[in-house]
Amino acid sequence: MKFSDKTVIVTGAGAGIGKATATAFSQAGANVVLVDMDEERLEEVRADLPADRTLALPVDVSDADAVGDMVEKAVERFGHLDVLFNNAGILKKGSIAETDREDWRSIMSVNLDGVFYGSKAALPHLKERGGCIVNTASLSGLGADRGMAAYNAAKGAVVNLTRAMAVDHAREGVRVNAVCPTFISTPMTTEMEEDDETREAFLDRIPMGRLGEPEDIARAVLFLASQDAGFITGVNLPVDGGVSASNGQPAYEAA
Ligand code: NAP
């Protein structure tokens, strides 16, 4: 897949899935705009990519004005915008009984409002280029986890917002899709991965028998953003080693 002369914004590019995807887009020839709140990590990622095709912007995706500026700066630097990867997200655990209003708002504002702000600001530019949006939703947006109510609600909204934007903007030539990862080894999940019981429970539930790597998601995102996916829009693609193929019932050992 070639992205030469394409400009791609990747949010949450300082770590994990965003970092791997930004790197993959850059290796495929794209101009890449790296966006993250963590300036130090942003600088580390930027330093490894070609200076003439990379722009790093410290932005909080839950700040609508900052996100508007982010899109304008990307277009100012590279002349156009072709792909917006709305990937920045945060995870906080808890049932609604365990979630206070502040945590609810922060999960909604980063995981959901950020997608709205970015997409709204980018759309006029994407329309000019027949561009596309890829969102990072989650398997947690396709079904419920235990003890992740706010995250489930935010990611579920991203799933249906992806469909709504796809339907609304298809005739303007803008495609909108999402990836729905299962457990991916990133800084977000380090604590869970280091807990033996949690890691083994996930390994047991993932038919392919391994945790995902950020590059597994990056490859799916590049496909959805490429011309090879030119007739695909409104899809929430599980990238999950087969988890969503199972109905969740335990194995039955015949007597
Ligand atoms: P990660 O390792 O924590 O990386 C996310 C990056 O986004 C971090 O650098 C983070 O900075 C940044 N970020 C957080 N809030 C931001 C904001 N308001 N504005 C700009 N940047 C912000 O997470 P990841 O695992 O790569 O997750 C990426 C996306 O995948 C998220 O949307 C997540 O919900 C989704 N996802 C992850 C998994 C998984 O198993 N890892 C599974 C399904 C879906 P800070 O570290 O400073 O917060």
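Just so you know, these numbers come straight off a predicted model, no measurement behind them.

Student: Could you give an account of the packing of helix 1 (residues 16-27) against helix 8 (residues 214-225), with specific residues and numbers?
Tutor: For the pair helix 1 and helix 8, the least separation of the axes is 8 Å and the interaxial angle reads 50°. One element, helix 1, and the other, helix 8, form an angle in the oblique class. Read as a crossing pair, helix 1 and helix 8 show a hand that is right-handed. Touching Gly16, Ile17, Ala20, Thr21, Ala24 and Phe25 of helix 1 are Pro214, Glu215, Ile217, Ala218, Val221, Leu222 and Ala225, all from helix 8. Residues of the contact of helix 1 with helix 8, tallied by class, amount to 10 nonpolar, two polar and one charged.

Student: Give me the packing of aromatic side chains: which residues, what numbers.
Tutor: Using the criterion set out here, one finds three aromatic pairs in the structure. Measuring from ring centre to ring centre gives 5.0 Å for Phe3 and Phe25, while their planes differ by 85°; the resulting arrangement is edge-to-face. Highlighted residues: Phe3 in the segment before strand 1 (7-11) and Phe25 in helix 1, separated in sequence by 22 residues. On the accessibility criterion, Phe3 (2% relative accessible area) is buried. The class of Phe25 is buried, set by a relative accessible area of 0%.

Student: Account for the site of the ligand, naming residues and giving values.
Tutor: Not every one of the 29 residues close to the ligand is listed here, only the nearest: Asp36, Asn87, Tyr151, Ile184 and Thr186. Contacts to the ligand include Met37, whose backbone N or O atom sits 3.5 Å from a nitrogen atom. For the ligand, an oxygen atom lies 2.9 Å from a polar atom in the side chain of Arg41. Across the complex, the protein chains shield 90% of the 880 Å² of accessible surface that the ligand would expose by itself. The set of elements that each furnish at least two residues to the shell around the ligand consists of helix 1 and helix 5 (149-169). In terms of residue class, the shell around the ligand is built from 15 nonpolar, nine polar and five charged.

Scoring rules and cut-offs
- In every chain, residue numbers begin from 1 and rise along the written sequence.
- The predicted origin of the model limits local features to residues at a pLDDT of at least 70 and limits the giving and counting of side-chain atom pairs to 80 or more, whereas totals for whole chains, interfaces and linings rest on all residues.
- The side-chain figures draw on all heavy atoms in the structure; neither hydrogens nor water molecules are used.
- Axis lines are fitted through C-alpha atoms, for helices just across the contact stretch, and the angle between N-to-C directions can take any value from 0 to 180 degrees.
- Only DSSP runs of H or I with at least four residues qualify as helices, and only runs of E with at least two residues qualify as strands; both kinds are numbered from the N terminus onward.
- Here the word oblique covers every angle except those under 35 degrees (roughly parallel), over 145 (roughly antiparallel) and from 65 to 115 (roughly perpendicular).
- Take the far helix as the reference: if the near one is turned anticlockwise from it by less than a right angle, the crossing is left-handed, and if turned clockwise, right-handed.
- What makes two residues a contact is simply this: any of their non-hydrogen atoms within 4.5 Å.
- Under the scheme applied, nonpolar residues are Ala, Val, Leu, Ile, Met, Phe, Trp, Tyr, Cys and Pro; charged residues are Asp, Glu, Lys and Arg; polar residues are all the others, including Gly.
- The criterion for an aromatic pair is that two Phe, Tyr or Trp rings (for Trp, the six-membered ring) have centres within 6.5 Å, with stacked assigned to planes under 30 degrees apart, edge-to-face to planes over 60 apart and tilted to the rest.
- For every residue, the accessible area obtained with a 1.4 Å probe (protein chains only) is divided by the maximum for its type, and the residue is called buried under 20%, exposed over 50%, and partly exposed between those limits.
- By convention in this text, a residue qualifies as near a molecule or strand provided that one of its non-hydrogen atoms is within 4 Å of it.
- Pairs of N or O atoms within 3.5 Å make up the polar contacts considered here, provided that, within protein, one atom can donate a hydrogen while the other can accept it, and that residues adjacent in sequence are counted only when both atoms are side-chain atoms.
- Note on areas: Shrake-Rupley with a 1.4 Å probe; residue coverage comes only from the protein chains shown.

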